[in-house]
Amino acid sequence: MNLSHTPDTSAKAPVLVASDLDRTLIYSAAALQLPMPDADAPRLLCVEVYESRPLSYLTETAAGLLDDLARATVFVPTTTRTREQYGRIHLPGPAPRFAICANGGHLLVDGVSDPVWRAQVADRLADECAPLAEVRAHLLAASDPAWLLKERIAEDLFAYLVVDRALLPEGWVKELATWADGRGWTVSLQGRKIYAVPRPLTKSAAMREVARRTGAELTLAAGDSLLDADLLLAADRGWRPGHGELADSGWSAPHVDVLPQTGVAAGEEILRRLTLAAAPDPA
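Only a predicted model underlies this, so the values are computations on that prediction, with no experimental measurement involved.

Undergrad: Sorry if this is basic, but what is going on with the layout of surface pockets here?
TA: Any empty space left between the atoms is revealed when a probe the size of a water molecule rolls over them. Considered as a void within the structure, the largest pocket measures approximately 1500 Å³ in volume. Around the largest pocket, the lining is made up of 42 residues, and of these Asp22, Gln190, Arg192, Lys193 and Tyr195 lie nearest the centre. Residue composition of the lining of the largest pocket, grouped by class: 14 nonpolar, 11 polar and 17 charged. Of the pockets and cavities examined, the second largest pocket occupies roughly 310 Å³. Lining the second largest pocket are 16 residues; nearest its centre among them are Val15, Leu218, Ala278, Ala279 and Pro280. Secondary-structure elements contributing two or more residues to the lining of the second largest pocket are helix H1 (60-72) and helix H9 (264-278). Partitioning the lining of the second largest pocket into residue classes produces 10 nonpolar, two polar and four charged.

Here's what the structure looks like:
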């Protein structure tokens, strides 16, 4: 019996915090949204370097909040990034025991993809969705080199395109979504990327598995994109920033707080709200 999969019922149930990373907790230079003069801007901490260049940041205040939060809860970074892309990020605080990568396709336990979870995901995708090869072929056939910049396969699980938004024909994404829906796939436009993801491949399913293994009874979540909607809906409480796909579409849910802050300031406020919500009730 694998004891790591069995909740410890002898202690008080932990709080599980599952948060998206990009444009929720960490921000590229282009996404910081710092309107004030440099002298008044918050101090930033770089948490990702790629090809010797700094790539992602959070505020130093947010870094302190995240450190405290990760020590007091089961903090689970939750991302659509591949394992390799996630590995470039070095968050403040203790190394997370669990992390969710590839939109739920990989559940990392102490940095290693859990083979049992990976097998369960593979079985569901085979039973419920059209093959990745079919979807990829359609994406390429329907795309126009005039606006298609890159095409990528992530972890042999899903596909995405990098496009020139200004040249993308109106209605193209909607048509693609209709085609994909009948094959068990979903489509999401995020910035310059168009994602095609199998419907069963969700962050929420992986979050529930972590909750089962840890015995967590309270789940908190944060995210900014349409691929985070299922995560927010599955959590007991959620937060989303004032920017991103969810904000642009006006998405909301009764238990999800909509924050007015945007950019890196929103990431700091999200961590502040998560910390307050995770704090034990006073005796």
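This is not the end of the story, as more comes after the structure.
Undergrad: Would you take a moment to explain the pattern of salt bridges for this structure?
TA: Between side chains of opposite charge, a pair can form when the charged atoms approach closely. Following the criterion strictly, the structure yields 20 salt bridges and no others. Across the salt bridge formed by Arg88 and Glu48, the nearest N and O atoms sit 3.0 Å from each other. Taken as a pair, Arg88 in the loop between helix H2 (83-87) and strand S6 (98-101) and Glu48 in strand S3 (residues 44-50) lie far apart in primary sequence, 40 residues in all. Glu151 serves as the salt-bridge partner of Arg136, at 2.6 Å between the closest nitrogen and oxygen.

Rules and cut-offs
- Residues numbered from 1 in each chain as written.
- Predicted model: local features only at pLDDT ≥ 70, side-chain atom pairs only at ≥ 80, totals over all residues.
- Heavy atoms only, no water.
- 1 Å grid on protein atoms, 1.4 Å probe; cavity = no way out; pocket = protein on both sides within 12 Å on 5 of 7 lines; lining within 4 Å.
- Points joined across faces, edges and corners; volume = space filled by probe spheres on them.
- Nonpolar A, V, L, I, M, F, W, Y, C, P; charged D, E, K, R; others polar.
- Helix = DSSP H or I, 4+ residues; strand = E, 2+ residues; numbered from the N terminus.
- Salt bridge = Lys/Arg side-chain N within 4 Å of Asp/Glu carboxyl O.

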